[in-house]
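Spelled out, the chains give:
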Amino acid sequence: MTLWHGRFGGTPSSELLAYTQSLSFDKRLAHDDVTCSKAHVKGLGVAKIITEEEVQLLLATLEEVETELGSGEFRFEYSDEDIHTAIERRVTELAGDPGAKLHTGRSRNDQVATDLRLFAKRELASVCARILDFQRLLFGLAESAEDVYLPGYTHLQKAQPVLLSHYFLAHGWALARDFDRLVETITRLDVSPLGAGALGGSSLPLDPDFVSRELGFARRFDNSLDAVSDRDFVAEALFDLALLGVHLSRIGEELVLWSTEEFGYLRLDDAYSTGSSMLPQKKNPDIAELARGKSGRVIGSLTGFLTTLKGLPLSYNRDLQEDKEPLFDSLDQISLGISSLSGLLSSSGFDFSKMRRAADSPYLCAIDLAEWLVAKGVPFRKAHAIIGGLVRDSLERHVDLGELVEAHPQLGSEAAELLMPGVSVERRQTLGGSGIEAVKVQLDSFHALVSREEDVLESLVQR
Ligand code: ARG
């Protein structure tokens, strides 16, 4: 039996049921749907629309249904088009007439919007928790890298020696912005749509503020048309997850490069790499590649859903049912991606001496030579040209750059010292830059950031 059987003479076709059902994926909202219904039942009680006995019976029945759902005992029926229908049907089977009062003053339109906000609040906070774990890992790796340096790249060409700790923290700061964005999204979505009804509210004396408080929302909706049709929070969450996915993708790309024989900075652990079905010698970084690959699908979910939204008139349209799968999938892929990349990073062996050797080319210190001349009063553009000329000379005549520096009248042996291994990162001074002292300061700031995020997360979970 459908929820609308009174109005209809015939029964729904099998095509309609197959095409319009959402039960196969919105089962995931079962817990939030029960929570939403409990608040609604209490609201009906407070408004004296149902009696106190009916309130108690319905609350107990909802608990029973949730237990059945949790244990797998719950029997879904062919005609249950979504989780809301299934739960209401079962409550009515168990509680009889009072069960048939559950949906008083409510529509699936405000119900599904409420369920999805409850779900998103919790699940986005758990992505924040994963980000925080990942940042703690990056911090630990950065601390243990001490004064190890490797080539920093621009255009994927070796540019300057940078500290490995600086590298790890760079990804940590990008993740901090993801954390922030998710927290802001959670704050903005913390609004209860319950009480908006199908689109215009109800003639019954319901109190949307009461159910909003019951559900732990920060406040209730202001406009019922907006409340049932607003899915901005889903679009925002999808963007936050897509950009987080892009960050994971870029980390993945780096790990793919670093684990090649050509770079050789990283040795993959057996548990976090795969072999080849044909080539016996292979060890492949599939996790890192999928972190890169799956970001495409998460971006696709964002653009797909924005496209779904863009043509919708007010208020609820069935198109909105398309909000759930992209959100669920993006949450799953990103959550798995963070934990897999964390596992990959924490189990990998880093070849510090290979990194140092790769950065010990004197050409990577060319800017240090130019800046040494600047300190002696040479205008930078002239200093750049002098050192550029020496580099060209060294490459063309196959003469060591150090020898040319020693022999140069404006440079000499003091300047040649700058080309010694490790000197570049020792001398670099700028705050926020990749010098040994500056990175110590940065480690402290990052540590403080992590503690701030811990507090924010705690307050999110308590909400
Ligand atoms: N399964 C639907 C969804 O996810 C529930 C709302 C259905 N509302 C309606 N008026 N048909 O959007």
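Structure: see above.
Residues numbered from 1 in each chain as written. Predicted model: local features only at pLDDT ≥ 70, side-chain atom pairs only at ≥ 80, totals over all residues. Heavy atoms only, no water.

Caption draft 1: Spotlight on the overall build of the protein. Helices and strands together make up the secondary structure of the protein, namely 19 helices and 6 strands. The C-alpha atoms of the protein give a radius of gyration of 30 Å, which is well past the 23 Å a tight globule of 463 residues would have. The principal-axis extent of the C-alpha atoms belonging to the protein is close to 100 × 55 × 40 Å. Within the protein, buried positions represent 51% of all 463 residues. Partitioning the contacts of the protein with sequence separation of at least 6, the portion at a separation of at least 24 is 76%. Accessible surface for the protein amounts to roughly 22,500 Å². Of this, 53% is attributable to carbon and sulfur atoms. Side-chain charges in the protein split into 48 positive and 71 negative, and the spacing between the mean points of these groups amounts to 3 Å. (Helix = DSSP H or I, 4+ residues; strand = E, 2+ residues; numbered from the N terminus. Rg over C-alpha atoms; globule rule 2.2 N^0.38 Å. Buried < 20%, exposed > 50% of the residue type's maximum accessible area, 1.4 Å probe, protein only. Contact = heavy atoms within 4.5 Å. Areas by Shrake-Rupley, 256 points an atom, 1.4 Å probe, with all protein chains shown as cover. Lys, Arg positive; Asp, Glu negative; His and termini not counted. Charge placed at Lys NZ, Arg CZ, Asp CG, Glu CD.)

Caption draft 2: Looking closely at unusual backbone geometry. For the bond running from Leu314 to Ser315, omega is 0°, close enough to zero to count as cis. For Ser315, the position within the fold is in the loop between helix H11 (286–310) and helix H12 (324–347). Although it is not a glycine, Leu156 adopts a positive phi angle of roughly 60°. At His398, a residue that is not glycine, the phi angle is positive and equals roughly 55°. Along the polypeptide, His398 turns up in the loop between helix H15 (380–397) and helix H16 (401–407).

Caption draft 3: Structural view of the side chain of Glu68. Position of Glu68 relative to the elements: it lies in helix H4 (residues 52–71). For Glu68, a relative accessible area of 9% translates into the label buried. Contact partners of Glu68, with chain neighbours within four places excluded, come to Glu73, Phe74, Arg90 and Leu94.

Caption draft 4: View of empty space enclosed by the protein. Going through the model one piece at a time under the given rule, you end up with 4 cavities of 30 Å³ or more. There is about 90 Å³ of room inside the largest cavity. His40, Gly43, Leu44, Gly105, Arg106, Asp110, Leu194, Gly195, Leu206, Asp207, Pro208 and Val211 together form the lining of the largest cavity. Mapped by element, the contributors of at least two residues to the lining of the largest cavity are helix H3 (30–46) and helix H8 (208–214). (1 Å grid on protein atoms, 1.4 Å probe; cavity = no way out; pocket = protein on both sides within 12 Å on 5 of 7 lines; lining within 4 Å. Points joined across faces, edges and corners; volume = space filled by probe spheres on them.)

Caption draft 5: Spatial organisation of the pairing of strand S1 (residues 149–154). Here 6 bridges tie S1 to strand S2 (residues 157–163), and the two strands are oriented antiparallel to one another. Each bridged residue has a counterpart across the sheet, and for Thr154 the counterpart in S2 is Gln157. In sequence, S1 turns back onto S2 through a hairpin of 2 residues, with His155 there showing a positive phi of about 55°. (Pairing = 2+ DSSP bridges.)

Caption draft 6: The site of the ligand, seen in detail. The environment of the ligand is made up of Ser22, Asp82, Arg108, Asn109, Val112, Tyr316, Arg318, Gln321 and Lys324. In the environment of the ligand, a nitrogen atom lies 2.9 Å from a nitrogen or oxygen atom belonging to the side chain of Asp82. Take Lys324: an N or O atom from its side chain is 2.7 Å from an oxygen atom of the ligand. Burial of the ligand by the protein amounts to 86% of the accessible area it has alone, namely 340 Å². No other element matches helix H6 (residues 108–144), which puts 3 residues into the shell around the ligand. Taken together, the residues that form the shell around the ligand break down as 2 nonpolar, 3 polar and 4 charged. (Near = heavy atom within 4 Å. Polar contact = N/O pair within 3.5 Å; in protein donor to acceptor, adjacent residues only side chain to side chain. Nonpolar A, V, L, I, M, F, W, Y, C, P; charged D, E, K, R; others polar.)

Caption draft 7: Up close: the pattern of salt bridges. Going through the model one piece at a time under the given rule, you end up with 30 salt bridges. In the salt-bridge network here, residues are joined through shared partners; they are Glu68, Glu77, Asp80, Arg89, Arg90 and Glu93. (Salt bridge = Lys/Arg side-chain N within 4 Å of Asp/Glu carboxyl O.)

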